[in-house]
Amino acid sequence: MTDLYGLIGFPVSHSMSPAIHNEALQDLQLDAHYHAFKVEEGQLEAAVNGLKAIGIKGFNVTVPYKEAIIPYLDEVEETASAIGAVNTVVHSEGRLIGYNTDGKGFYSSLKPLMTKKPEEAKMLIIGAGGAARAIYFSMATVGCLAIDICNRTPSKAEKLIEECPAKPISKALSLAQAEADLAGYDMIIQTTSIGMHPDTDSVPISLEKAGTDAIVCDIVYNPLKTAFLQQAEQKGCRTLNGAGMLAYQAALAFEYWTGIHPDAEKMKTTVIKKLGGSIC
Ligand code: ATR
């Protein structure tokens, strides 16, 4: 019988997950299919129970249910539990187990660019929402020396820092404070929705004071080259777009479900092609 995998969220029509997972399933000749399920407000519990009842092998969870799904799972793995958000569920022996692959996916995409070891590196995260939280927790877990967070609402950055069990050197900053003091960071990671289509001219802060040897990452992937990354390129910084994080979090979810590590580079290529970018 064909195994079923999927995605729940609202909306899901724009999601690239069906394309990347179905391609990997096909390439590995697995008799399985991945489908995006739109779950309307108020229907989350019914949807989770329904997917469990029909024997789905695993599924992804996207906006707005990454936190809300937790009460309906049988178990939540430690990192996902600390982050307070689940993006991947494994159905094993009648139990639904929640994981979070966003932070690890981000680190996998960043690692090849890093010239310093995490324990020597200083990172600035812009934003303090769900994506920032997954990235902060993951970078703290790999032993990043210092991770500051700047946010429009600095109290949210403070809260995020307090709630992380791992304790890197950290400060919560306003956007203006971070902008004035950018030179000290090896990595600058933009996690807000600023610059996302259709608001493609906006940037969260100016990169004028960034060091030219800094890595600048924007996890936005639509467009692939945001105004923020264009600024970073003009400064001569190394840049990283959001396609890698998207592909690597998917690859890890795929591995949790099937036990097979798929071709993550091919997944990234698929994402980039779908977004109309070039692979070089
Ligand atoms: P996600 O789960 O995608 O990270 P989120 O949890 O809604 O999304 O978080 C959005 C982040 O983008 C927050 O850090 C938010 O800042 P606030 O905490 O002050 O709300 C930030 N953000 C969104 N729009 C912004 C804007 N126009 N200017 C500055 N920050 C913005």
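Summary of the structure given here. (Residues numbered from 1 in each chain as written. Predicted model: local features only at pLDDT ≥ 70, side-chain atom pairs only at ≥ 80, totals over all residues. Heavy atoms only, no water.)

### A short note on the sheet that holds strand β8 (residues 146-150)
Strand pairing in a sheet relies on backbone hydrogen bonds. The paired strands run either parallel or antiparallel. Worth spelling out the cut-off: In this scheme, strands are said to pair when DSSP sees at least two bridges between them. Secondary structure is summarised from DSSP: a helix means a run of H or I of at least four residues, a strand means a run of E of at least two, and numbering begins at the N terminus for each. Contacts are assigned to residue pairs that have any heavy atoms within 4.5 Å of one another. Every angle, taken between N-to-C directions, lies between 0 and 180 degrees, and every axis is a line fitted to C-alpha atoms, over only the stretch in contact when it is a helix.
One open sheet holds the six strands; their spatial order is β9-β8-β7-β10-β11-β12, and the pairing between them is parallel. Bordering the open sheet on either side are β9 (172-173) and β12 (238-240), each of which pairs with just one other strand. Each of β7 (122-126), β10 (187-190), β11 (215-218) and β12 is contacted by helix α8 (residues 227-235), which is oriented at about 165° to β11, the strand it contacts most.

### A look at the pattern of salt bridges
Cut-off, in case you're wondering: Salt bridge criterion: a side-chain nitrogen from Lys or Arg within 4 Å of a carboxyl oxygen from Asp or Glu. For each residue, the accessible area found with a 1.4 Å probe, counting protein chains only, is set against the maximum for its type, and the residue is called buried under 20%, exposed over 50%, and partly exposed in between.
This structure, assessed with the given rule, holds 11 salt bridges. For the salt bridge of Lys116 with Asp186, the shortest nitrogen-to-oxygen distance reads 2.9 Å. Of this pair, Lys116 sits in the loop between α4 (102-110) and β7 while Asp186 sits in the loop between α7 (175-180) and β10; the two residues are 70 residues apart in sequence, bridging distant segments of the chain. Classification of Lys116 as partly exposed rests on a relative accessible area of 38%. You can call Asp186 buried: its relative accessible area is 18%. Across the salt bridge formed by Arg133 and Glu163, the nearest N and O atoms sit 2.9 Å from each other. With a gap of 30 residues between them, Arg133 in helix α5 (residues 130-141) and Glu163 in helix α6 (residues 154-163) connect regions that are remote in the sequence.

### Considerations on the site of the ligand
The condition that has to hold: Near, as used in this document, describes a residue that has one of its heavy atoms within 4 Å of the molecule or strand being considered. Here a polar contact is recorded for every N or O atom pair within 3.5 Å, except that within protein the pair must consist of a potential hydrogen donor and a potential acceptor, and residues adjacent in sequence are included only if both atoms are side-chain atoms. Areas reported here follow the Shrake-Rupley algorithm with a probe of radius 1.4 Å; residue values treat only the protein chains shown as occluding. In the cavity and pocket records, a cavity denotes points on a 1 Å grid over the protein atoms alone where a 1.4 Å probe fits but cannot get out, a pocket denotes an open set with protein on both sides within 12 Å along at least 5 of 7 lines, and lining residues are residues with an atom within 4 Å of a point. Each molecule is checked against the cavity or pocket grid, and it sits inside if more than half of its atoms lie within 2 Å of the grid points. Charged residues are taken to be Asp, Glu, Lys and Arg, nonpolar residues to be Ala, Val, Leu, Ile, Met, Phe, Trp, Tyr, Cys and Pro, and polar residues to be all remaining types, Gly included.
Inspection of the region around the ligand gives Gly127, Ala128, Gly129, Gly130, Ala131, Asn151, Arg152, Thr153, Lys156, Thr192, Ser193 and Ile194 as its neighbouring residues. Here an oxygen atom of the ligand sits 3.1 Å away from a polar atom, N or O, in the main chain of Gly130. Burial of the ligand by the protein amounts to 62% of the accessible area it has alone, namely 650 Å². The site holding the ligand turns out to be the largest pocket. Broken down by class, the residue content of the shell around the ligand amounts to three nonpolar, seven polar and two charged.

### A short note on the packing of α4 against helix α9 (residues 243-258)
What counts here: When an angle is under 35 degrees it counts as roughly parallel; over 145 it counts as roughly antiparallel; between 65 and 115 it counts as roughly perpendicular; any other value is oblique. Each crossing is labelled by how the near helix is turned from the far one, with a counterclockwise turn of less than a right angle marking it left-handed and a clockwise turn marking it right-handed.
Contact geometry of α4 with α9 gives a least axis separation of 7 Å together with a crossing angle of 125°. As judged from the angle between their axes, α4 and α9 are oblique. When the axes of α4 and α9 are compared, the crossing they make is right-handed. Facing Asp102, Lys104, Gly105, Phe106, Ser108 and Ser109 of α4, the residues of α9 in contact are Gly244, Met245, Tyr248, Gln249, Leu252 and Tyr256.

### What about the side chain of Asp148?
Locating Asp148 in the fold gives a position in strand β8. Among the polar contacts made by the side chain of Asp148, one reaches the main-chain amide nitrogen of Lys171 at a distance of 2.8 Å. Every residue in contact with Asp148, bar those within four places of it in the chain, is listed here: Met123, Leu124, Ile125, Ile169, Ser170, Lys171, Leu173 and Tyr185.

### Quick word on the layout of surface pockets
Once rolled over the atoms, a probe with the size of a water molecule shows which space is left empty. What counts here: Grid points are joined across faces, edges and corners, and a volume is the space filled by probe spheres set on the points.
In this structure, the largest pocket spans a volume of roughly 1500 Å³. Every residue lining the largest pocket is counted, 50 residues in all, and those nearest its centre are Val63, Lys66, Ala131, Met196 and Ile219. Put simply, the parts of the chain that give the lining of the largest pocket at least two residues each are α1 (17-27), β3 (58-61), α5 and α9. The element best represented in the lining of the largest pocket is α5, accounting for four residues. Residue composition of the lining of the largest pocket, grouped by class: 25 nonpolar, 19 polar and six charged.

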